[in-house]
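Residue-level listing of the chains:
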Amino acid sequence: MEVLWGRMAVARCETCGRPGRTKFDYVFVAEPVGYPDPNIRCGKRGCQNPAIIWLYVIDAMMYENQKQRIFQLPFHPAKTVTLKDGGYFVSDKREPVKPERTSKFKVWLSNSRQRAVWGNINPVECDYFAADGIYVTVKGDGSDLEKWIALRKDIFVLCERVG
Ligand SMILES: [Zn+2]
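Residues numbered from 1 in each chain as written. Predicted model: local features only at pLDDT ≥ 70, side-chain atom pairs only at ≥ 80, totals over all residues.

*Asks:* Can you lay out the overall build of the protein for me, pointing to particular residues and giving the numbers?
*Replies:* Looking only at helices and strands, the protein has two helices and ten strands in total. Starting at the N terminus and ending at the C terminus, the protein contains elements arranged as β-β-β-α-β-β-β-β-β-β-α-β. In the protein, which comprises 163 residues, the share counted as buried stands at 20%. Expressed as a percentage of contacts within the protein between residues at least 6 apart in sequence, the contacts between residues at least 24 apart total 69%. (Helix = DSSP H or I, 4+ residues; strand = E, 2+ residues; numbered from the N terminus. Buried ≥ 20, exposed ≤ 12 C-beta atoms within 10 Å, placed from the backbone. Contact = placed C-beta atoms within 7 Å.)

Structure (structure tokens):
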């Protein structure tokens, strides 16, 4: 793929975070292919940590819409960087925030007249109307939900991870 000359991607480790005030606002983060890559180190003076790549909005659009993955790294020994899929916009001005992990399960009630009770679990999303069970999405790895389902055999029969 063609290198997009003139663009200003910046390499920063997760600790150093968003590049400081420049002409541009860095709004998008993506990991280099092979991250953590010893050739793509943080560009902050004195820092040697492996870096993720910050893009400003025009480059972020190239990444998202044109599937551009190679960017110039000015003032960096690597000169260019190839980015992985899965980059994301960072809304907060200070820190990159990874999208929160969720887990999706299919559960069956022990009795169709029973109501689902979630205890301390706060499902992000519940689809009660699927023909083959209730689809429930929870934050995190889902172990809380699995424990709850195992504990409440009076309500649930089965819990199957679907995502
Ligand atoms: Zn750093």
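*Asks:* Give me the sheet that holds strand 6 (residues 88-89): which residues, what numbers.
*Replies:* The strands that make up a sheet are held in pairs by hydrogen bonds between backbone atoms, and each pair lies either parallel or antiparallel. Spatially, 1-3-2-6 is the arrangement adopted by the four strands of the open sheet, whose pairing is antiparallel. Every other strand in the sheet has two partners, leaving strand 1 (10-12) and strand 6 as the edge strands with one partner each. Note that strand 1 and strand 3 (residues 52-56) share three bridges and pair antiparallel. When the bridges of strand 3 are listed, arginine 12 appears paired with isoleucine 52. Sitting on the sheet, helix 1 (residues 57-65) touches strand 2 (26-30), strand 3 and strand 6, and the angle it makes with strand 3 is about 110 degrees. (Pairing = 2+ DSSP bridges. Axes fitted to C-alpha atoms, helices over the stretch in contact; angles between N-to-C directions.)

*Asks:* Outline the sheet that holds strand 9 (residues 134-139), supporting the account with residue identities and numerical values.
*Replies:* If you trace the four strands from one edge of the open sheet to the other, you get 8-9-7-10, paired in antiparallel fashion. Edge positions in the sheet fall to strand 8 (125-127) and strand 10 (156-161), since each of these pairs with one other strand and no more. Each strand of the sheet is rotated relative to its neighbour by a mean of 25 degrees, with strand direction disregarded. One ladder, built from five bridges, connects strand 7 (residues 102-109) with strand 10; its direction is antiparallel. The residue bridging phenylalanine 105 from the neighbouring strand is arginine 161, located in strand 10.

*Asks:* Report on the confidence of the model for the protein, specifying residues and quantitative values.
*Replies:* Model confidence for the protein is summarised by a mean pLDDT of 86, while 88% of its residues fall at 70 or above. Ranking the elements of the protein by mean pLDDT puts strand 10 last with 86 and strand 1 first with 95. (pLDDT = per-residue confidence, 0-100.)

*Asks:* Please provide a residue-by-residue account of the pairing of strand 7, values included.
*Replies:* Here six bridges tie strand 7 to strand 9, and the two strands are oriented antiparallel to one another. If you follow serine 103 over to strand 9, its bridge partner there is valine 138.

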